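For reference, the chains in residue letters:
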Amino acid sequence: MRDRTRPRASTRAAVVIGVVALTATACAPAEPAMPSLSPIATGAPTEPEPSAAFDRGSLEAPAEVATGLEAPWSIAFTDTGAALVSERDSATILELTPGGGSTAIVQVAGAAPRGEGGLLGIAVGDGHLYAYVTTAEDNRVLRTTVAGDPGSLVFGELETVLEGLPAAGNHNGGRIAFGPDGMLYVTAGDAGEPSRAQDPESLAGKILRLEPDGSIPADNPIPGSAVYSLGHRNPQGLAWDDDGALWATEFGQDTWDELNRIEPGANYGWPTVEGIAGDERFADPVQQWPPSEASPSGMAHADGRLWIANLRGESVREVDLGSPAESTVHWLGRFGRMRDVVAAPDGALWALTSSTDGRGSPAAGDDRILAFAP
């Protein structure tokens, strides 16, 4: 029986970078001030004497990388090996230390967390740390340069990569990731208005593809548009297999959640269809599951398999790409809601729980990151 009592607030060091409040250019006649980062003084992490490396467990007995996280959403690693995690509701990015500790290093002022929105996906690429943020006006992608070794990261000025994505209390998408082509991919939900997913003029309900600086790649399927695929309700997982093919997970409404193989320019049907429809106008998912058994969020690829974090399904799902229409469920109900799975630099997979997001039943120590060898 899991202990369902809520733990005390984390005692991690409250070291933050302040970011000037964000405004949407579409809502103001004058050019808004560019958000910026202020210098910080580094404090001591909660783990005073960390070991040299993070523990690596097994699928049967995963190792605890971190505990006491508050509504965590995404994990990323810097080029120097620093491990970062975003917290949705506090709009804070933490740096993790071996042994379970963490230090708050970045707080985004101007984020407007509400419902499923807030500080969502983070990614590192092109010498920058990228973050997907819900503001009072929109969803947007920001970036700042990041350098330095773990425990002594240095950030530059903050700049906007993409803005004006519709925002709402739910269906914000929010996953960002760099593909093997060096491009930045962004999942955007329909923000509660399903018709946007079929509107080619709207960026909502889409998977987007951008140059790292936010410009439009010349080889995108729709010339001059960031849209890479359309007809999505609320996509939240992105992963590439060994052949460079892109896979995405998607929250359905009441009938089917989906695993899709993403083709450039393809239409995945929402809201006209949900799940496998056999309609030649739309691309069918490779797998579908009842939302009560899945609600798939983040996803990683390792050794020819996809590993999918399930929220309502409270599990991690394994899909062998040799038989992509089949899957195996692990940890059913063992650790509660699961938000993300990522590949760590040492080859282990890190799984992020999500019991403190307002929809789970937190156990003592939640939320946590669990590591296992695939």
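About the criteria used
- Residues numbered from 1 in each chain as written.
- Predicted model: local features only at pLDDT ≥ 70, side-chain atom pairs only at ≥ 80, totals over all residues.
- Heavy atoms only, no water.
- Helix = DSSP H or I, 4+ residues; strand = E, 2+ residues; numbered from the N terminus.
- Buried < 20%, exposed > 50% of the residue type's maximum accessible area, 1.4 Å probe, protein only.
- Contact = heavy atoms within 4.5 Å.
- Areas by Shrake-Rupley, 256 points an atom, 1.4 Å probe, with all protein chains shown as cover.
- pLDDT = per-residue confidence, 0-100.
- 1 Å grid on protein atoms, 1.4 Å probe; cavity = no way out; pocket = protein on both sides within 12 Å on 5 of 7 lines; lining within 4 Å.
- Points joined across faces, edges and corners; volume = space filled by probe spheres on them.
- Nonpolar A, V, L, I, M, F, W, Y, C, P; charged D, E, K, R; others polar.
- Pairing = 2+ DSSP bridges.
- Salt bridge = Lys/Arg side-chain N within 4 Å of Asp/Glu carboxyl O.
- Axes fitted to C-alpha atoms, helices over the stretch in contact; angles between N-to-C directions.
- Phe/Tyr/Trp six-rings, centres within 6.5 Å; stacked < 30°, edge-to-face > 60°.
- Lys NZ or Arg CZ within 6 Å of the ring centre and 35° of its normal.
- Core = buried A, V, L, I, M, F, W, Y, C linked by side-chain atoms within 4.5 Å.

## Quick word on the overall build of the protein chain
For the protein chain, the count of helices and strands is 0 helices and 24 strands. Within the span of the protein chain, comprising 374 residues, buried residues form 56% of the whole. Contacts spanning at least 24 positions in sequence make up 55% of the contacts within the protein chain whose residues lie at least 6 apart. Accessible surface for the protein chain amounts to roughly 14500 Å². Of this, 49% is attributable to carbon and sulfur atoms.

## Here's the deal with the confidence of the model for the protein chain
Residues at a pLDDT of 70 or more form 86% of the protein chain, whose mean pLDDT is 88. Note that residues 1-50 has pLDDT below 50 and, in this model, 119 contacts with residues that lie over four places away or in other chains.

## Describing empty space enclosed by the protein
Applying the stated criterion across every chain, the model contains 3 cavities of 30 Å³ or more. In this structure, the second largest cavity encloses a volume near 40 Å³. For the second largest cavity, the full set of lining residues is Arg 233, Glu 250, Phe 251, Gly 252, Gln 253, Trp 256, Glu 258, Trp 270 and Glu 274. When the residues that make up the lining of the second largest cavity are grouped by side-chain class, the tally is 3 nonpolar, 2 polar and 4 charged.

## As for the pairing of strand 2 (residues 72-77)
Counting buried residues along strand 2, 6 of its 6 residues qualify, which places the element largely inside the surrounding structure. The turn linking strand 2 back onto strand 3 (residues 83-87) is made up of 5 residues, and Gly 81 within it adopts a positive phi angle of 95°.

## Let's talk about the pattern of salt bridges
Counted according to the given criterion, the structure contains 18 salt bridges. Asp 138 serves as the salt-bridge partner of Arg 140, at 3.2 Å between the closest nitrogen and oxygen. The partner of Asp 219 in a salt bridge is Arg 209, with the nearest N and O atoms 2.8 Å apart. Taken together, the residues span a long stretch of sequence, with Asp 219 in the loop between strand 12 (206-210) and strand 13 (227-230) and Arg 209 in strand 12 at a distance of 10 residues.

## Comments concerning the sheet that holds strand 19 (residues 305-310)
Here 4 strands make up an open sheet; going across it, the order is 18-19-20-21 and the pairing antiparallel. The open sheet terminates on both sides in strands that have one partner only, identified here as strand 18 (296-302) and strand 21 (328-330). The mean angle between the axes of side-by-side strands here comes to 25°, regardless of whether they run parallel or antiparallel. Bridge count for strand 20 (residues 315-320) against strand 21 is 3 bridges, and the pairing is antiparallel. Paired with Arg 317 across the strands is Val 329, a residue of strand 21.

## Comments concerning the packing of aromatic side chains
Inspection of every chain in the model, using the stated rule, returns 8 aromatic pairs. Arranged with centres 5.0 Å apart and planes meeting at 75°, the rings of Phe 54 and Trp 350 form a pair that is edge-to-face. Of this pair, Phe 54 sits in the segment before strand 1 (63-66) while Trp 350 sits in strand 23 (residues 349-353), and the two are 296 residues apart along the sequence. We classify Trp 350 as buried; its relative accessible area is 2%. Following the ring pairs from residue to residue traces out a cluster consisting of Trp 307, Trp 331, Phe 335 and Phe 372. Above the face of the Trp 270 ring, Arg 233 is positioned so that its terminal group lies 5.5 Å from the ring centre.

## A closer look at the environment of Ala 351
Turning to its location among the elements, Ala 351 is positioned in strand 23. The buried category is assigned to Ala 351, whose relative accessible area is 0%. Linking Ala 351 and Phe 372, residues 21 residues apart in sequence, is a C-alpha distance of 8.2 Å. Excluding residues within four positions of it along the chain, Ala 351 makes contact with Trp 331, Met 338, Asp 340, Val 341, Arg 368, Ile 369, Leu 370 and Phe 372.

## Overview of the layout of surface pockets
Its boundaries defined by the atoms lining it, the largest pocket holds a volume of some 560 Å³. Only strand 2, strand 6 (119-125), strand 10 (176-178), strand 14 (235-240), strand 18 and strand 22 (338-343) provide two or more residues apiece to the lining of the largest pocket. In this structure, the second largest pocket encloses a volume near 330 Å³. Glu 116, Phe 251, Leu 311, Arg 337 and Arg 359 are, among the 21 residues lining the second largest pocket, the residues nearest its centre.

## Quick notes on the nonpolar core
Among the nonpolar cores identified, the biggest contains 20 residues, and Ile 93 and Leu 129 are the most heavily contacted of them. Breaking this core down by element, the ones donating at least two residues are strand 5 (101-107), strand 6, strand 7 (128-134), strand 8 (139-147) and strand 9 (154-165). Excluding its chain neighbours within four sequence positions, the residues that come into contact with Leu 129 are Leu 84, Ile 93, Ile 122, Ala 123, Val 124, Leu 142, Arg 143, Thr 144, Val 146 and Phe 155. Within the second largest apolar cluster, 17 residues are counted, among which are Trp 73, Ala 123, Tyr 130 and Val 186.

## Notes on the sheet that holds strand 17 (residues 287-289)
Within the open sheet, the 4 strands sit side by side as 14-15-16-17. Their pairing is antiparallel. The two strands at the open ends of the sheet, each matched to only one other strand, are strand 14 and strand 17. Ignoring which end each strand starts from, the neighbouring axes of this sheet average 20° apart.

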